[in-house]
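# Structure at a glance
Next come the chains, spelled out residue by residue.
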Amino acid sequence: MPVREENATKVWQRRTPRGRLALWAGWALALAVLVACARQISEGTLWVFVADAHRQAADLLARMVPPDPGYMGVLWRPLWDTVNIATLGTLLAVAAAVPLAFLAAKNTTPHPAVRQTALLMIVSSRSINTLIWAILFVILFGPGVVAGIAAITLRSIGFIAKLLYEAVEEIAVDPVEAIRATGGSPGQVLTYGIFPQVFPSFVGVSVFRWDINIRESTIVGLVGAGGIGLQLDASVNALRWSQVSTILVIVFLMVVFSEWISARVRKAVL
Amino acid sequence: MSGNDKVLQIRALRKSYPGGVEVLHGLDIDLRAGEFLTVIGPSGAGKSTLLRCINGLVPASAGSCRLRGAEILGLRGAEMRAARRRIGMIFQAHALVDRLTVMENVLSGRLGYTGFWSSWARRFPPGDVAGAFRLLERVGLEGYEDRRADRLSGGQRQRVGIARALLQSPELLLVDEPTASLDPKTARQIMRLLRELAAENNLAVIANLHDVGLARMFSDRIIGLNAGTIVFEGAPGELTDSELSTIYGEEDWSTEEVADVSA
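Summarised in this report is the structure supplied together with it.

The rules behind the values
- Residues numbered from 1 in each chain as written.
- Chains lettered and ligands numbered in written order.
- Predicted model: local features only at pLDDT ≥ 70, side-chain atom pairs only at ≥ 80, totals over all residues.
- Heavy atoms only, no water.
- Contact = heavy atoms within 4.5 Å.
- Buried area = accessible area lost by both parts, 1.4 Å probe.
- Salt bridge = Lys/Arg side-chain N within 4 Å of Asp/Glu carboxyl O.
- Polar contact = N/O pair within 3.5 Å; in protein donor to acceptor, adjacent residues only side chain to side chain.
- Helix = DSSP H or I, 4+ residues; strand = E, 2+ residues; numbered from the N terminus.
- Nonpolar A, V, L, I, M, F, W, Y, C, P; charged D, E, K, R; others polar.
- 1 Å grid on protein atoms, 1.4 Å probe; cavity = no way out; pocket = protein on both sides within 12 Å on 5 of 7 lines; lining within 4 Å.
- Points joined across faces, edges and corners; volume = space filled by probe spheres on them.
- Phe/Tyr/Trp six-rings, centres within 6.5 Å; stacked < 30°, edge-to-face > 60°.
- Buried < 20%, exposed > 50% of the residue type's maximum accessible area, 1.4 Å probe, protein only.
- Pairing = 2+ DSSP bridges.
- Disulfide = S-S within 2.5 Å.
- Axes fitted to C-alpha atoms, helices over the stretch in contact; angles between N-to-C directions.
- Left-handed = near helix turned anticlockwise from the far one by under 90°.
- Patch = residues over 30% accessible without salt bridge, like charges linked within 9 Å, V, L, I, M, F, W, Y side chains within 5 Å.
- Areas by Shrake-Rupley, 256 points an atom, 1.4 Å probe, with all protein chains shown as cover.
- Lys, Arg positive; Asp, Glu negative; His and termini not counted.
- Charge placed at Lys NZ, Arg CZ, Asp CG, Glu CD.

What follows deals with the interface of chain B and chain A. If you look at the interface, chain B gives 30 residues, while chain A gives 21 residues. For the pair chain B and chain A, the two sides together bury roughly 2,100 Å², of which 58% comes from carbon and sulfur. If you look at where chain B meets chain A, you find one salt bridge. Residues Arg52(B) and Glu177(A) are paired through a salt bridge, measuring 2.8 Å at the closest nitrogen-oxygen approach. Scanning the region where chain B abuts chain A turns up nine residue pairs in polar contact (both at pLDDT 80 or more). Going through the elements one at a time, helix 2 (77-85), strand 6 (87-90) and helix 4 (116-120) of chain B are the ones with two or more residues in the side of chain B that touches chain A. A class-by-class count of the residues in the side of chain B that touches chain A yields 12 nonpolar, 10 polar and eight charged.

Here you go:
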């Protein structure tokens, strides 16, 4: 009881004595877990290698600088593939995620059982990393761009659908009721009452995911799913560090560019 | 009262929410064409539920509701939508779709008469568009058609809401707290506009109001609702202080300044 009497005045405290004790116990436990984890990590580490990390870093950097500009000519094609993997993957994911989001949102789902199924699909898509999807699709479709697009799509569906169905659940109900009251059909209620309300988050989420996918599509090549990651993998394996640094610089520029575009688009629709 | 004159006839209307809480305990209401009926009562008395039961936004639990003699309670799907087209509804000012333009909001009053793809492509029949322009002019929003709804003031938004409902060419108008969130002057202007438009179109109107002063000023008849039961029905002049206490509970209803206590 946070309020008690002391010399006939009421004293208020945020927590009860028992609550205070529980709080301290919680912090002590967290600290104990932290120390235990640190010890275990330390035992599993060969500290000799960590000790000369700065020398290794300096060595690696020396081999990477300067980058090899002559290698750029080979990179345009895989770079184009990378952008295509990200863009097509995002478009396909949006096409699948929009209906899924409306099936998953509490206020638009036709039936609770449908909602649970849609939520399960969203969680499965989200729980598997793009790289793992890529490994699966390289086995299914063989190495190449198609596997990369499929991996990006499958991972993005859950991401977009989740953020979108949360936006759908937060819309104002008054405009929706007003459209229903005019005698509009369910499809018209969706397009007039609901969709305009979620349009900004729809665009924002899609472009944000495209921006993430540009970065993710640079690594799906590491497992053979096309794009510039293939080149990166080859250069690392051949110990061509000046080529590696060329690729990293190009990826960096591309990511900066995609972030700039997504920021512009989001600003334009709000 | 001739049979054709009677727009709405509600009998023994009941509404219970899941869990067994009954919010409307069997209401009887009759409404003639051209009549302006106001429902007053404390928050939670069931005023909004009453309106939503009439057009099926909330399904009624029992009773009967006849629109020009035809039962409309319990209709489903296309039949329900066909009934809704004949009933205009005006909400609090927030019920516009913010990101759509004024014209799109007004034209949404015709959705019940327009196919999905035509409405999706915003291709409404020329007659509907002409009607929308006429109504915008009538409610004082000429030239605002391309303005986005979220760029309007509260009073302007409510005028768009009125135009949307009237574009349905309704026989019955349901009005839910039209002046909530409006300043006193705008509230009176909106009520006057509603009153005039109802008279011009010989509409039957049921309006929920919180402001007893406005209800007295603009209604032909007033119903007092308390805890889902009609506890008063009569002309504005019959609404005395003791009747107000029956509707809202005991309170000093005098509008004079509070007497100086030190005197």
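Read on, since the account is not over.
Turning our attention to empty space enclosed by the protein. All names here are of chain B. Considering all chains together, one arrives at one cavity of 30 Å³ or more under this definition. What the largest cavity holds in volume is close to 50 Å³. Lining the largest cavity we find Met89, Ile90, Phe91, Gln92, Ala93, Ala95, Leu96, Arg157, Gln158, Gly161 and Arg164. When residues of the lining of the largest cavity are traced back to their parent elements, those giving at least two are strand 6 and helix 6 (154-167). In terms of residue count, helix 6 provides more of the lining of the largest cavity than any other element does, four residues in total. In terms of residue class, the lining of the largest cavity is built from six nonpolar, three polar and two charged.

Next up on the list: the packing of aromatic side chains. Residue and element names in this part refer to chain A. Going through the model one piece at a time under the given rule, you end up with 10 aromatic pairs over all chains. Between the aromatic rings of Trp133 and Phe137, the centroid separation amounts to 6.0 Å while the plane-to-plane angle is 20°, which identifies the pairing as stacked. Note that Trp133 and Phe137 are positioned in helix 6 (residues 130-141) at a spacing of four residues, about one turn of the helix. Ring centres of Phe137 and Phe141 lie 5.5 Å apart, and the angle between their planes is 15°; this geometry places the pair in the stacked category. Taken together, the residues span about one helical turn, with Phe137 and Phe141 both in helix 6 at a distance of four residues. Grouping aromatic residues by their ring pairs yields a cluster made of Trp133, Phe137 and Phe141.

Our next topic: the pairing of strand 9 (residues 221-226) of chain B. All names here are of chain B. Of all six residues in strand 9, five are buried, a share of seventy percent or more. Bridging between strand 3 (residues 36-40) and strand 9 involves four bridges; their strand directions are parallel. Within strand 9, the position partnered with Thr38 by the bridge is Ile222. Relative to strand 10 (residues 229-234), strand 9 is paired through five bridges, and the arrangement is antiparallel.

A word on the state of the cysteines. Residues and elements named next belong to chain B. Taken as a whole and assessed by the stated rule, the structure comprises zero disulfides over all chains. Free of any disulfide, Cys65 has its nearest neighbouring cysteine sulfur in Cys53, separated by 8.9 Å. The exposure class assigned to Cys65 is buried, which follows from its relative accessible area of 1%.

Following Val65(A), the chain continues to Pro66(A) via a peptide bond in cis, the omega torsion being -5°. By the secondary structure assignment, Pro66(A) is in the loop between helix 3 (53-64) and helix 4 (72-104). Unusually for a residue other than glycine, Arg122(B) sits at a positive phi of about 60°. Position of Arg122(B) among the secondary structure elements: in the loop between helix 4 and helix 5 (126-138).

Right, let's talk about the packing of helix 4 of chain A against helix 7 (residues 145-169) of chain A for a bit. At a closest axis distance of 6 Å, the pairing of helix 4 of chain A and helix 7 of chain A adopts a crossing angle of 40°. You can see that helix 4 of chain A and helix 7 of chain A cross each other, and the crossing is right-handed.

All names here are of chain B. By the element assignment, Val139 lies in the loop between helix 5 and helix 6. Separated by 103 residues in sequence, Val139 and Ser242 have C-alpha atoms that sit 38 Å apart. Ignoring any residue separated from it by four or fewer positions in sequence, one finds Val139 in contact with Arg159, Ile162, Ala163, Leu193 and Leu197.

In this section: a nonpolar patch on the surface. The grouping of Val249(A), Phe252(A), Leu253(A) and Val256(A) at the surface amounts to a nonpolar patch, some 390 Å² of accessible area in total. Within the element layout of this structure, Val256(A) appears in helix 11 (residues 241-269).

Think of a sheet as strands paired side by side through backbone hydrogen bonds, with each pair either parallel or antiparallel. Residue and element names in this part refer to chain B. Taken in spatial order, the six strands of this open sheet run 6-7-8-3-9-10, and their pairing is mixed. Each end of this open sheet is capped by a strand with a single partner; those strands are strand 6 and strand 10. Each strand axis lies, on average, 20° off the axis of its neighbour in the sheet, ignoring direction. In this structure, strand 3 lies alongside strand 8 (residues 204-208), joined through four bridges in parallel fashion. Pairing of Phe36 across the sheet is with Val205, part of strand 8. In the packing of helix 6 onto the sheet, contacts are made with strand 6 and strand 7 (172-176), and the angle to strand 6 comes to roughly 170°.

What follows covers the environment of Val175(B). Residues and elements named next belong to chain B. Within the fold, Val175 resides in strand 7. Each C-alpha atom of the pair Val175 and Arg148 lies 23 Å from the other, and the pair is 27 residues apart in sequence. Discounting residues that sit within four places of it in the chain, Val175 has contacts with Leu51, Ile90, Leu194, Val205, Ile206, Ala207 and Asn208.

Here we take up a negative patch on the surface. On the surface, Asp241(B), Glu250(B), Glu251(B) and Asp252(B) cluster together into a negatively charged patch. Within the fold, Glu251(B) resides in the segment after helix 9 (241-248).

Time to look at the sheet that holds strand 1 (residues 6-17) of chain B. Residues and elements named next belong to chain B. Pairing within the open sheet is antiparallel, and its four strands lie in the order 2-1-4-5. Looking at the sheet topology across the chains shown, the edges are occupied by strand 2 (21-32) and strand 5 (70-71). When strand 1 meets strand 4 (residues 62-67), the two strands line up antiparallel, connected through five bridges. The residue bridging Arg11 from the neighbouring strand is Ser64, located in strand 4. Strands strand 1, strand 2 and strand 4 of the sheet are contacted by helix 1 (residues 47-54), whose axis makes an angle of about 115° with strand 1.

Pairs can form between side chains of opposite charge once their charged atoms are near each other. The tally for this structure, following the rule as stated, stands at 24 salt bridges over all chains. For Arg14(B), the salt bridge is made with Glu22(B), and the minimal N-O distance between the two is 2.9 Å.

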